[in-house]
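Breakdown of the fold
Each chain is listed here by its residues.
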Amino acid sequence: MNRIKITGLLCATLVLIASCKRDAPQTDNPSSANASAVTIEAKDLVVPANFNFSSEKTLNVSVKVADAKAGERYVIKVYGDVPTTGKLISTGATNANGEYANTIQIPAWEEFIYIEKINPDGSSQFEKVKANQFAAAVFNGSQTNSPYIITKKSSGTDCNTGCSVTYNNPTSDITVAAGLTACITGTIGSNVKLTLGSNSKVKICASGTFKEAIISSGAEFYILENATVRINKFTNGYSYFNVYNWSDSVVIDSTTGYSFAPNLMDNYGKIYTPRFGVGTRVRNYGKLVVTGDFSIGAYSTMQNDGFFKVTGNMEIGTLSDFFNNCRIEVGVNLTQQGYFYHNGYVKVGETFIHTTPNTEWPNGTALYSGSLISTKNFLLGYGGIGGNNSFIKVSNTTTITGGSMNLSTFCDINGIETKTGGDISGAILSCSGYLSTSTCNPEGFGSQSTTDTDNDGIVNAYDEYPNDATRAFNSFYPNASTTATVAFEDLWPAKADYDFNDLALAFNIQQVLNANNEVVEYKVKMRVKAIGGSYVNGFGFQLDELVPSDIASITGQVLTQNLITRNANNTEAGQSKAVIICYDSPEPTLNRVGGSMFNTVKTNGTGSSDSIRINIVFSTPQAASKLTFTKFNPFIFTNKRRGYEIHMANYRPTDLANTNLFGTFDDRTNPINNEFYKTTNGMPWAILIPENFVYPIEKTPITSGYNFFDDWAISGGSGYTNWYNNSPGNRNTNVLY
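What counts, and where the lines are drawn
- Residues numbered from 1 in each chain as written.
- Predicted model: local features only at pLDDT ≥ 70, side-chain atom pairs only at ≥ 80, totals over all residues.
- Heavy atoms only, no water.
- Helix = DSSP H or I, 4+ residues; strand = E, 2+ residues; numbered from the N terminus.
- Rg over C-alpha atoms; globule rule 2.2 N^0.38 Å.
- Buried < 20%, exposed > 50% of the residue type's maximum accessible area, 1.4 Å probe, protein only.
- Areas by Shrake-Rupley, 256 points an atom, 1.4 Å probe, with all protein chains shown as cover.
- Lys, Arg positive; Asp, Glu negative; His and termini not counted.
- Charge placed at Lys NZ, Arg CZ, Asp CG, Glu CD.
- Pairing = 2+ DSSP bridges.
- Axes fitted to C-alpha atoms, helices over the stretch in contact; angles between N-to-C directions.
- Disulfide = S-S within 2.5 Å.
- Phe/Tyr/Trp six-rings, centres within 6.5 Å; stacked < 30°, edge-to-face > 60°.
- Lys NZ or Arg CZ within 6 Å of the ring centre and 35° of its normal.
- Salt bridge = Lys/Arg side-chain N within 4 Å of Asp/Glu carboxyl O.
- Core = buried A, V, L, I, M, F, W, Y, C linked by side-chain atoms within 4.5 Å.
- Contact = heavy atoms within 4.5 Å.
- pLDDT = per-residue confidence, 0-100.
- Polar contact = N/O pair within 3.5 Å; in protein donor to acceptor, adjacent residues only side chain to side chain.

The number of helices and strands found in the chain is three helices and 50 strands. Rg of the C-alpha trace for the chain: 28 Å, near the compact-globule value of 27 Å for 737 residues, within the 12% margin. Taken over the C-alpha atoms alone, the chain extends approximately 80 × 70 × 55 Å along its principal axes. In the chain, which comprises 737 residues, the share counted as buried stands at 54%. Surface exposure of the chain reaches about 28,400 Å², of which carbon and sulfur atoms provide 48%. If the 54 positive side-chain charges of the chain are averaged to one point and the 62 negative ones to another, these points end up 4 Å apart.

In this section: the sheet that holds strand E4 (residues 99-107). An order of E4-E1-E7 is seen for the three strands of this open sheet, with the pairing classed as mixed. The sheet terminates laterally at E4 and strand E7 (134-139), the two strands that pair on one side only. In this sheet, neighbouring strand axes are inclined to one another by 20° on average, regardless of whether the strands run parallel or antiparallel.

Our next topic: the state of the cysteines. One covalent bond between the sulfur atoms of two cysteine residues makes up a disulfide. With the rule as written, the count across this model stands at four disulfides. Here Cys159 pairs with Cys205 through a disulfide, and the sulfurs are 2.1 Å apart. Between Cys159 and Cys205, the S-S dihedral sits near 90°, and the bridge is therefore right-handed. Of this pair, Cys159 sits in the loop between E7 and strand E8 (165-168) while Cys205 is found in the loop between strand E12 (201-204) and strand E13 (207-215), placing the two residues 46 residues apart along the sequence.

With antiparallel pairing, the four strands of this open sheet are ordered in space as E3-E2-E5-E6. Pairing within the sheet leaves two strands with one partner each, and these edge strands are strand E3 (88-93) and strand E6 (124-130). Neighbour to neighbour, the strand axes of the sheet diverge by 20° on average, direction disregarded. Sheet analysis places strand E2 (residues 75-79) next to E3, joined by five bridges and oriented antiparallel. When the bridges of E3 are listed, Lys77 appears paired with Thr91.

Let us look at the pairing of E2. Side-chain direction in a regular strand flips from residue to residue, so the side chains alternate between the two faces of the sheet. With respect to burial, E2 is a largely interior element, five of its five residues being buried. Residues Val75, Lys77 and Tyr79 of E2 are buried on one face, and the alternating residues Ile76 and Val78, pointing to the opposite face, are buried as well. Where E2 and strand E5 (residues 112-118) come together, five bridges link them in antiparallel fashion. For Lys77, the partnering residue across the bridge sits in E5 and is Glu116.

Quick look at the packing of aromatic side chains now. All chains considered together, the criterion is met by 45 aromatic pairs. Measuring from centroid to centroid gives 6.1 Å for Tyr477 and Phe507, while their planes differ by 25°, and the two rings are stacked. Here Phe507 lies in strand E40 (residues 503-513) and Tyr477 lies in strand E38 (residues 473-477), a separation of 30 residues in the sequence. Phe507 carries the same exposure label as Tyr477, and that label is buried. Members of the aromatic cluster, each reached through a chain of ring pairs, are Phe221, Phe234, Phe241, Phe260, Phe276, Phe294, Phe308, Phe322 and Phe340. Taking NZ or CZ as reference, Arg327 lies 4.3 Å from the ring centre of Phe307, over its face. One Lys or Arg, Arg642, reaches over the ring of Phe637 and ends 5.1 Å from the middle of that ring.

Under the criterion given, the structure shown has 19 salt bridges. Notably, a salt bridge pairs Lys347 with Glu443, separated by 3.8 Å at the nearest N-O pair. With Lys347 in strand E32 (residues 345-354) and Glu443 in the loop between strand E37 (418-419) and E38, the pair connects residues that are 96 residues apart, well separated along the chain. With a shortest N-O distance of 2.6 Å, Glu443 and Lys393 are connected by a salt bridge. Here the residue Glu443 occupies a position in the loop between E37 and E38, and Lys393 occupies one in strand E35 (residues 384-400), the gap between them amounting to 50 residues. Assessed through its relative accessible area of 26%, Glu443 is described here as partly exposed. Residue Lys393 is classed as buried on the basis of its relative accessible area, which comes to 18%.

On to the nonpolar core, then. In summary, soluble globular proteins display a tendency toward joint burial of nonpolar side chains. If you look at the biggest cluster of nonpolar residues, it comprises 61 residues, and the most contacted ones within it are Phe221, Phe294, Phe308, Met314, Phe322, Ile392 and Met405. Examining the composition of this core, we find that four residues originate from one element, E35, more than from any other. Residues contacting Met314, with those up to four places away along its chain left out, are Phe294, Phe308, Phe322, Ile328, Val330, Asn333, Leu334 and Thr335. Ile458, Val558, Ile580 and Ile636 belong to the second largest nonpolar core, which has 57 residues in total.

Glancing now at the environment of Gly218. Following the sequence through the fold, Gly218 ends up in the loop between E13 and strand E14 (220-223). Sequence spacing of Gly218 and Tyr240 is 22 residues, and the spatial spacing of their C-alpha atoms is 5.6 Å. Those residues in contact with Gly218 that lie beyond four places of it in its chain are Asn199, Ser200 and Tyr240.

Let us look at the confidence of the model for the chain. In the predicted model, the chain carries a mean pLDDT of 90, and 92% of its residues have values of at least 70. Low confidence marks residues 1-34, where pLDDT is under 50. Its contacts with residues over four positions away, or in another chain, come to 62 contacts.

The partly exposed category is assigned to Cys205, whose relative accessible area is 27%. In this structure, the C-alpha to C-alpha distance between Cys205 and Val229, residues 24 residues apart in sequence, is 9.0 Å. With residues up to four places along the chain from it excluded, the contact list for Cys205 reads Asp158, Cys159, Ile184, Thr185, Leu224 and Ala227.

Our next topic: the pairing of strand E39 (residues 484-488). E39 sits mainly inside the fold: five of its five residues count as buried. Alternating residues of E39 divide into Ala484, Val486 and Phe488 and Thr485 and Ala487, and every residue in both groups is buried. As judged from the five bridges shared by E39 and E40, these two strands associate in the antiparallel manner. Residue pairing for E40: Ala484 is matched across the bridge by Phe507. Relative to strand E50 (residues 686-689), E39 runs antiparallel, the two sharing four bridges. In the strand pairing of E50, Thr485 is matched with Ile689.

Summarising the element assignment, Ser90 is placed in strand E3. In this structure Ser90 comes out as buried when scored by relative accessible area, which is 1%. A distance of 3.5 Å separates a polar atom in the side chain of Ser90 from a polar atom in the side chain of Asn102. Apart from the residues lying within four places of it in its own chain, the contact partners of Ser90 are Ile76, Lys77, Val78, Tyr100, Asn102, Ile104, Asn474 and Ser475.

Another aspect to go through is unusual backbone geometry. A cis amide bond links Tyr477 with the next residue in sequence, Pro478, at an omega value of -5°. One can find Pro478 in the loop between E38 and E39. Of note in this structure, Asn389 is not a glycine but carries a positive phi near 50°. Looking at the secondary structure, you find Asn389 in strand E35. Backbone geometry at Phe665 places phi at a positive 50°, although glycine is not the residue there.

What follows is the structure in structure tokens.
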């Protein structure tokens, strides 16, 4: 074990009473604060009988377009993050009643999904929806393109708990001593000064005005829902302080005193301030308005996922990073001297200036697909600007004296007036093209063609297969831009070392749907990440609600061992359900660098592997409900023995599994109770992680690599649902590959 060695008796006692608590950083799960102080090794864990080790939750998504017009269809996209980030999960179209429904899987710790409605004219809106079992969004004509009106993340705290002292209806000055937490409620008097000591915290649930706020190093401001706060003078003496806001009414009048420049800030509401700066990191998910100038300095980072407005000048300083995933409006000039990652909309009232004060400090702008910079004037003097399917629109004057551009569309309505240097040969100088308006982009670009070449009812601009009437949309698991990982122990029915690296396989599933939201094609792209054993194992999956005749053809299989008998359509023969064997040996796909293991022993070096692409075409379009991710049943068969199947916990075997092995050695499968592939203690031989899993090194149990795997398992999946991600305190990276 990785922290404290304990005797077997004490370990058993801890399992029963869990009386000690781990002194480690809190994760994103407030409900799981009472983690065990001692790691229980995987082999000793006892988990609830009904737990299947799923790290996900199922969402039944429903969308209603309340003002849908007769005969019009609306494209619906569901994302795991702000739409501009590309984490697309599903796409489909509304029916004749303006309704859309689908079932998706997302990580259990995720709080929200994003649902986008695309209108027939190309304009769109999105809603941020709570990721409950039934996640619903209603779109109607009264909505506006305002990104900051969407449902925001809840604070998860209040002014009734966790308070060292509470001030209700304060009328005199408040001083919070170092290390204490003050809660302020009621109405704030007209002449109150707030002073925060070092490492203190204030939670504000009140309404009113502070005449001054004096902040010491390490202090934290929490402005909670329904608070209404104004601070007339802000004094921080260059101290490091953090701000977390959920209120829709915060005014920080920093015209006198110091600029409002938190070290860390997360804004989920609305903040207005005349002078604002970034200490280390700022994330804006709501509305942040700077009624003056704004600059971000070296080694600082800002991320905008909402509406960021600067009425004066904005400067992205050298060696700083600015990520824009939604909407920025600048009243005067935007000077870009650092690194600008643009994934949304920028409106500049005067001049977008791309330059640097020192050529030893590089600068660059990355324009992601669908992004737009709209500016009155444009000046390129230094650095590079690049991107595909992105747009820069200039309404007045363009001046190019240096730098380079390589992007899809640069549109100066009047033509480029001045060019004395620079390389723009990679840019398409054109004012053609189309970009729809959206929640983040109220302006758009060009005009949309309403052409529907294949006559399937979906216009070309939003039909991902515009020349094929049998195909229209793509949906993905886990999403369009990432992979999931399935990881196995291969000694079943005997227990092993629980390092879950005997096979670690990264994969992504793409479903191709027609205009009626039926699945016509199913693609699985996979790559072997690790093999930490000596067995030659095969890998396949069963589609639990389909039969072999539902499939017309399969391509991409790697079968070299003469172990598998196939039907004419390449499904496995002898099966009542559709079973696809992807490979019977991974070796043809591996590029080993030495050693007996593959990517599980650090000193052996890192090998590579080729991707396997399984493509399944269905005989007839299939209802999407038959192909939800829970119906995807992956498994391995070990050591060239077809009957030795290993599935995830409580997933049924295929018809060719050797059921005589059930109940032998450490396996306690009980088909009558629908319990499969679990030990007496409830432990599995396979787990699935909905992201790129960083697996343990050879012979290291997963409980040594992940501090909260044991707590998650013991809780039956209700606590520490983000145990596997890179949140502080989750991982012991020295024992992870």
